[in-house]
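Coordinate inspection notes
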Amino acid sequence: MGAGQERVFEPASGDGPVAPDARDGRGAEVRTAFEGMLQIRRVTRPEHPDPGSVPAAWELRRPLRAVALALEASGTPASALGPSGERIATGYRVSEGEAPGSARVEWAGPPGSGATHDEEEALAGCGAVLRRLGWTVLSYRGPRRRRFLEVEPPPGAHP
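Let us look at the structure shown here. (Residues numbered from 1 in each chain as written. Predicted model: local features only at pLDDT ≥ 70, side-chain atom pairs only at ≥ 80, totals over all residues. Heavy atoms only, no water.)

Thoughts on the overall build of the protein
Scanning the protein from N- to C-terminus turns up four helices and six strands. In sequence order, the protein lays out its α and β elements as α-α-α-β-β-β-β-α-β-β. Expected size for 159 residues packed as a compact globule is a radius of gyration near 15 Å; at 16 Å, the protein falls within 12% of this value. In terms of overall dimensions, the protein has a C-alpha envelope of 50 × 45 × 25 Å along the principal axes. Buried positions account for 40% of the 159 residues belonging to the protein. For the protein, long-range pairs separated by at least 24 residues make up 48% of all intrachain contacts whose partners lie at least 6 apart in sequence. Of the accessible surface of the protein, which amounts to about 9000 Å², a share of 54% is contributed by carbon and sulfur atoms. Charge separation in the protein, taken as the distance between the mean sites of 20 positive and 21 negative side-chain charges, equals 2 Å. (Helix = DSSP H or I, 4+ residues; strand = E, 2+ residues; numbered from the N terminus. Rg over C-alpha atoms; globule rule 2.2 N^0.38 Å. Buried < 20%, exposed > 50% of the residue type's maximum accessible area, 1.4 Å probe, protein only. Contact = heavy atoms within 4.5 Å. Areas by Shrake-Rupley, 256 points an atom, 1.4 Å probe, with all protein chains shown as cover. Lys, Arg positive; Asp, Glu negative; His and termini not counted. Charge placed at Lys NZ, Arg CZ, Asp CG, Glu CD.)

Some details on the nonpolar core
Soluble, globular proteins show a tendency: their nonpolar side chains are buried together. With 30 residues, the main nonpolar core has V67, L71, V105, L130 and W135 as its most contacted residues. Mapped onto this core, the elements with two or more residues apiece are helix 1 (26–44), helix 3 (63–73), strand 3 (91–96), strand 4 (103–108), helix 4 (115–132) and strand 6 (147–152). If near-sequence neighbours (up to four positions away) are discounted, V67 is found in contact with V94, A103, V105, L130, W135 and V151. (Core = buried A, V, L, I, M, F, W, Y, C linked by side-chain atoms within 4.5 Å.)

Brief notes about the packing of helix 1 against helix 3
Close contact between helix 1 and helix 3 brings their axes to 10 Å; oriented N to C, the two are set at 125°. On the basis of the axis angle, helix 1 is oblique to helix 3. Handedness of the helix 1/helix 3 crossing: left-handed. Only L69, A70, E72 and A73 of helix 3 make contact with helix 1, whose side of the interface consists of R26, V30, A33, F34 and M37. For the contact of helix 1 with helix 3, the per-class residue count stands at seven nonpolar, no polar and two charged. (Axes fitted to C-alpha atoms, helices over the stretch in contact; angles between N-to-C directions. Parallel < 35°, antiparallel > 145°, perpendicular 65-115°, else oblique. Left-handed = near helix turned anticlockwise from the far one by under 90°. Nonpolar A, V, L, I, M, F, W, Y, C, P; charged D, E, K, R; others polar.)

A look at the sheet that holds strand 3
Spatial ordering of the open sheet is given by 3-4-6-5, a layout of four strands whose pairing is antiparallel. Because the sheet does not close on itself, it has two edges, and the strands there are strand 3 and strand 5 (136–141). This sheet shows a mean twist of 30° between the axes of neighbouring strands, independent of strand direction. Here six bridges tie strand 5 to strand 6, and the two strands are oriented antiparallel to one another. Bridging across to strand 6, T136 finds its partner in E152. (Pairing = 2+ DSSP bridges.)

Topic: the environment of W107
Among the structural elements, W107 can be located in strand 4. When neighbours within four sequence positions are excluded, W107 is seen to be in contact with T76, P77, T90, G91, Y92, A115, D118, E119, A122, L123, C126 and R146.

Quick word on helix 4
Across its 18 residues, helix 4 extends 24 Å between first and last C-alpha, which sits within 8% of the 26 Å expected from 1.5 Å per residue. At E121, helix 4 is bent by approximately 35°, the largest bend along its length. Turning to helix 4, its buried residues number three or more, namely A115, E119, A122, L123, C126, G127, V129 and L130. Residues of helix 4 that are buried in the fold lie against helix 3, strand 3, strand 4, strand 5 and strand 6. Immediately downstream of helix 4, the backbone of G134 shows phi near 95°, a positive value. (Expected span 1.5 Å × (residues − 1). Bend = angle between axes of the 7 residues up to and from the residue.)

Set out below in structure tokens:
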């Protein structure tokens, strides 16, 4: 980065490089971003009995970012890609969902990593994190019987 360039925080989606660990300040960045998200919820949803349990409008407009941030902040590991595009780490992967405004969460890993055997339990943990934060989480089986989650805004929520 050159002088005057500011680094923008991006939560780990599972399709980037291995995220730096806490020694590199990543943990503090994630906590700060997550606390900021919760504060935005409190400020923008004061009428709700538990504003921290309802996604804010910006989350509904950027569900991939919001879902990835929630999962990373929970301590769930993200998958990662190597320089050649090969999967090098096992963890969650967040991508566009089938419906507009939704996100898809898969459990991905390198060949032979056992990710397929761990996906049911791992995705159940991801789903629990997201439900606590007010998202609607639906579990499906896709091609080759691989499980995935479809994460949608709660009923009646509008960006």
